[in-house]
Amino acid sequence: MLEIKDLKVKLEDEDKQILKGVNLTVEAGKVHAIMGPNGSGKSTLSYVLSGRDGYEVTDGSATLEGEDLLDMDPEERAALGMFLAFQYPVEIPGVGNMTFLRTAVNAQRKARGEDEMSASDFLKEIRAKAKTLKIDADMLKRPVNVGFSGGEKKRNEILQMAMLEPKMCILDETDSGLDVDAMKLVAEGVNALRSEGRGFLVITHYQRLLDHIKPDVVHIMANGRIVKTGGPELALEVENNGYADILAEVA
Amino acid sequence: MAVAQTKQSATEARLASLVAHEGGGWISSGRQAALERVRMMGLPDRRDEYWKYTRPDTLVQAEAPKAALFETTDPRVFDGIDRLKIVFTDGVFDADASDDLSLEGLNIERLADIAGKDIHWAKDLYGVLETNGQTPVERPLAALNTAFATDGVVIHVTGQVSKPVSLIYNHRSEVSDAMLHHLVKVDAGAKVTILENGPAAARFNKVMEVEIADGAEFHHVRAQGRDHERRAITHIFTRLGVESVFKSFTLTANGMMTRNECVIELTGDDAVAHVAGAAVGDGDFHHDDTVFITHDAVNCESRQVFKKVLRNGATGVFQGKILVKPDAQKTDGYQISQSLLLDEDSQFLAKPELEIYADDVACSHGSTSGAIDEEALFYLRARGVPKNIATDLLTLAFLAEAVLEIEDEALAEEISSRLEGWLVRHNG
Ligand SMILES: Nc1ncnc2c1ncn2[C@@H]1O[C@H](COP(=O)(O)OP(=O)(O)O)[C@@H](O)[C@H]1O
Ligand SMILES: [Mg+2]
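Figured I'd write up the structure that's included with this text. Since we're looking at a predicted model, the values are computed, not measured.

## A few points about the site of ligand 1
Residue and element names in this part refer to chain A.
Turning to step 1, where the next piece is worked out: Near ligand 1, the surroundings consist of L11, K16, I18, P37, N38, G39, S40, G41, K42, S43, T44 and Y55.
Turning to step 2, where the next piece is worked out: A distance of 3.4 Å separates an oxygen atom of ligand 1 from a polar side-chain atom of K16.
Turning to step 3, where the next piece is worked out: Protein burial of ligand 1: of its 550 Å² of free accessible surface, 63% is covered by the chains.
Turning to step 4, where the next piece is worked out: Element by element, the count of residues in the shell around ligand 1 is highest for helix α1 (residues 42-50), at 3 residues.
Turning to step 5, where the next piece is worked out: Of the residues belonging to the shell around ligand 1, the class tally is 4 nonpolar, 6 polar and 2 charged.

Laid out in structure tokens, this is it:
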């Protein structure tokens, strides 16, 4: 599904190398987790994959189902099936949540040459999906993320994911700032989307989320590289001993 | 102070290009006095402080600069609104295109029809609010209008009115130089909505004087658009009685030169005046909102909300002043002017001013100028919304705050859809 080879990325305006050769393959149907200390480059990886400005790829490649992602505009990547649940969802005053999502869904459909979703089908679907995430009608009407609590913003990200039905979902610290109940809701939302044809890359600091979203593979990222890869037990090791041991071991 | 020689000759050149109509009746003295005011003040030139950001040359020169006609078959704004239509083509009343001028709750006459009468209530309003509005800042182009305008509507609102009165301004001649002078008198407790739309003429000078009695309401929604080369100077002068309401919104799309002045005097306690505008311009668009609000009574509220979207070198101007007189305690004055600059060639020039002589007041003002929010743009694109559509969404969101000032939902919807249409044509 997602194939990243020797990806090297620096900041566009600064001489600062952030990703120093990342190799990672997420197969369809699998959940991969990335853990790692703050500042190791996890968010940068997710931004570069989704096409944010400000980064320069100096080497390597990233493909989604064989298609080169790095030359595409963010909207083209989205239409191809790439989705990023933001670590910090953006507030957009004046743009209604519902309008935003409907525009996004139909823009993606159009880009793929599919028919647009009718207003009534859209409404039916979003209501049903919002309900399972405990997002009320008022939140759907409000401007995107404006006045939402931290937890509401994260649930809103999952709602967007559920509506857009992407092939490759990257979740950047979707668990941070969530209480136990909210985390369960988010995890249920994610689990409901797990399927044969869909890959997940879950970036997190904590084992907690991985109790609910069981990963197939766990990677440890440090200083711009994947330094260790293992099974779910690797997450437990981090939980119990922190990163120090692992980092010492690979140094 | 004597008018400088160059200004004086420019003024005389302009006056020579106009035909004086005495009118014969009650209007003669008003016109005569206005002509004297024009000569006293002289027409504005680029050295005037009040015209620092907007060059008055093309508004003052003897001949109107040519303005190509904009051909379109698109439906026009307010087409979907049930209203009483009064049509002017290049500044001349068009009876065939207009509705029958009768509607319960108000009385409509043409200025041209009543000017020759010996007496008419209009005498107490024509040029009166305009004259008041000449201090402390001179507005000579308004006086010029009072001196030379021959047509316009004279509306007396006596009760509740079932639908808006809609003034439609067609532009059919590339060289038309039009003036209209409207009077609106809203009696105590009465309420009216006036709509205006259309390019009007190659050059348009319009004055509207609005007297709002105690407990009366005046609502105004205007759309200036279409013909890109048109030029306009418009003035609204209004005086508000106790617990009365004045709300005016203007959408401006395109136009090489538009200056809209709004001069508001709150003279009755507990009155409310809101004036708002959304302007979208491209290229050699120049748009100027100039507002002067005088608080001269207790516990009044005034509110100014102006938003401009500028691209490809367009220019936006805002001059807004709140003057609070010594006895105008408990004044609540708010003013915001913001521009969204879609590129570095465009510019927004703002001069917000507060002058306060009362001590128990709450006044605030702010002015900002900024580019599109890159974070928001990326967020939208990452969800699959193409860049041009995402830019439009953010632009509309920026303008929404001004559009929200329109009380009537159907009218607000009309304005929003015009803005969307403009964006689609210019971005899509
Ligand atoms: N736009 C940026 N400007 C400056 N520094 C940045 C920028 N983006 C990332 N960095 C730096 O790159 C490193 C990796 O950051 P990030 O990808 O956010 O790490 P993580 O998500 O793993 O905490 C950090 O040192 C961070 O300060
Ligand atoms: Mg991060």
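## Examining the interface of chain A and chain B
Turning to step 1, where the next piece is worked out: The interface is formed by 30 residues belonging to chain A together with 16 residues belonging to chain B.
Turning to step 2, where the next piece is worked out: Between chain A and chain B, the buried area comes to about 1900 Å², and carbon and sulfur atoms account for 68% of it.
Turning to step 3, where the next piece is worked out: In this assembly, chain A and chain B are joined by 4 salt bridges.
Turning to step 4, where the next piece is worked out: Between R381 of chain B and D73 of chain A there is a salt bridge, and its shortest N-O distance comes to 3.6 Å.
Turning to step 5, where the next piece is worked out: Our enumeration of links across chain A and chain B arrives at 10 residue pairs in polar contact (both at pLDDT 80 or more).
Turning to step 6, where the next piece is worked out: Going through the elements one at a time, α1, α2 (74-80), β6 (82-85), β7 (92-96), α3 (97-111) and α6 (150-164) of chain A are the ones with two or more residues in the side of chain A that touches chain B.
Turning to step 7, where the next piece is worked out: Broken down by class, the residue content of the side of chain A that touches chain B amounts to 18 nonpolar, 8 polar and 4 charged.

## Some thoughts on the packing of aromatic side chains
Turning to step 1, where the next piece is worked out: Per the stated rule, a full pass over the model turns up 12 aromatic pairs over all chains.
Turning to step 2, where the next piece is worked out: Where F88 of chain B meets F93 of chain B, the ring centres are 5.8 Å apart and the plane angle is 65°; that geometry is what we call edge-to-face. This pair shows no difference in class: F88 of chain B is buried, exactly as F93 of chain B is.
Turning to step 3, where the next piece is worked out: Taken together, the ring pairs connect Y47, Y55, F86 and F100 of chain A together with F378 and Y379 of chain B into an aromatic cluster.
Turning to step 4, where the next piece is worked out: Looking at R52 of chain A, its charged tip hangs above the ring of Y47 of chain A, at a distance of 4.2 Å from the centre.

## Quick look at α6 of chain A
All names here are of chain A.
Turning to step 1, where the next piece is worked out: Helix length check: α6 (15 residues) gives 22 Å between terminal C-alpha atoms against 21 Å at 1.5 Å per residue, within 8%.
Turning to step 2, where the next piece is worked out: Extensive coverage of α6 is indicated by the burial of 14 of its 15 residues.
Turning to step 3, where the next piece is worked out: Looking one or two places after α6, you find E165, whose phi comes out positive at around 45°.

## Structural notes on the packing of helix α7 (residues 374-382) of chain B against helix α8 (residues 387-403) of chain B
Residues and elements named next belong to chain B.
Turning to step 1, where the next piece is worked out: At a minimum axis distance of 9 Å, the contact between α7 and α8 shows a crossing angle of 130°. Regarding the angle of α7 to α8, the classification is oblique. For α7 against α8, the interelement crossing comes out right-handed. Between α7, through A376, L377, L380 and R381, and α8, the contact on the second element is made entirely by K387, A390, T391, L393 and L394.
Turning to step 2, where the next piece is worked out: When its residues are assigned to classes, the contact of α7 with α8 shows 6 nonpolar, 1 polar and 2 charged.

Rules behind the numbers
- Within every chain, residues take consecutive numbers counted from 1 along the sequence as written.
- Ligands are numbered from 1 and chains lettered from A, in the order in which they are written.
- In view of the model being predicted, local features appear only for residues whose pLDDT reaches at least 70, and side-chain atom pairs are presented and counted only at 80 or more, with totals across whole chains, interfaces and linings using the full set of residues.
- Each side-chain value is derived from all of the structure's non-hydrogen atoms; neither hydrogens nor water enter the calculation.
- We call a residue near a molecule or strand whenever a single non-hydrogen atom of that residue lies within 4 Å of it.
- Polar contacts, as used here, are pairs of N or O atoms within 3.5 Å; protein pairs need one atom able to donate a hydrogen and one able to accept it. Residues neighboring in sequence count only if both atoms are side-chain atoms.
- Residue-level accessible areas treat just the shown protein chains as cover; the underlying method is Shrake-Rupley with a 1.4 Å probe.
- Counting from the N terminus, the helices are DSSP H or I runs at least four residues long and the strands are E runs at least two residues long.
- Gly counts as polar in this scheme, as do all residues outside two lists: the nonpolar Ala, Val, Leu, Ile, Met, Phe, Trp, Tyr, Cys and Pro, and the charged Asp, Glu, Lys and Arg.
- Contacts between residues were defined by any pair of non-hydrogen atoms, one from each residue, lying within 4.5 Å.
- Once two parts are joined, some of their accessible surface, as seen by a 1.4 Å probe, is lost; buried area is that loss totalled over both.
- Salt bridges are counted wherever a side-chain nitrogen of Lys or Arg sits within 4 Å of a carboxyl oxygen of Asp or Glu.
- Paired rings are identified among Phe, Tyr and Trp, the last through its six-membered ring, by centres lying within 6.5 Å, and are further divided according to the angle between planes into stacked (under 30 degrees), edge-to-face (over 60) and tilted (the rest).
- Think of it in three bands: with a 1.4 Å probe and only protein chains considered, a residue is buried below 20% of the maximum accessible area for its type, exposed above 50%, and partly exposed in between.
- Only when the NZ of Lys or the CZ of Arg is both within 6 Å of the ring centre and within 35 degrees of the ring normal is a charge said to sit over the ring.
- Given a helix with a known number of residues, its expected span is that number minus one, times 1.5 Å.
- All axes here are fitted lines through C-alpha atoms, helices being fitted over the stretch that makes contact, and every angle between N-to-C directions spans 0 to 180 degrees.
- Any angle between 65 and 115 degrees counts as roughly perpendicular, while under 35 counts as roughly parallel, over 145 as roughly antiparallel, and the rest as oblique.
- In this scheme, a crossing is called left-handed if the near helix is turned counterclockwise away from the far one by less than a right angle; it is called right-handed if the turn is clockwise.

Don't take any of this as a statement about function, it's just geometry.
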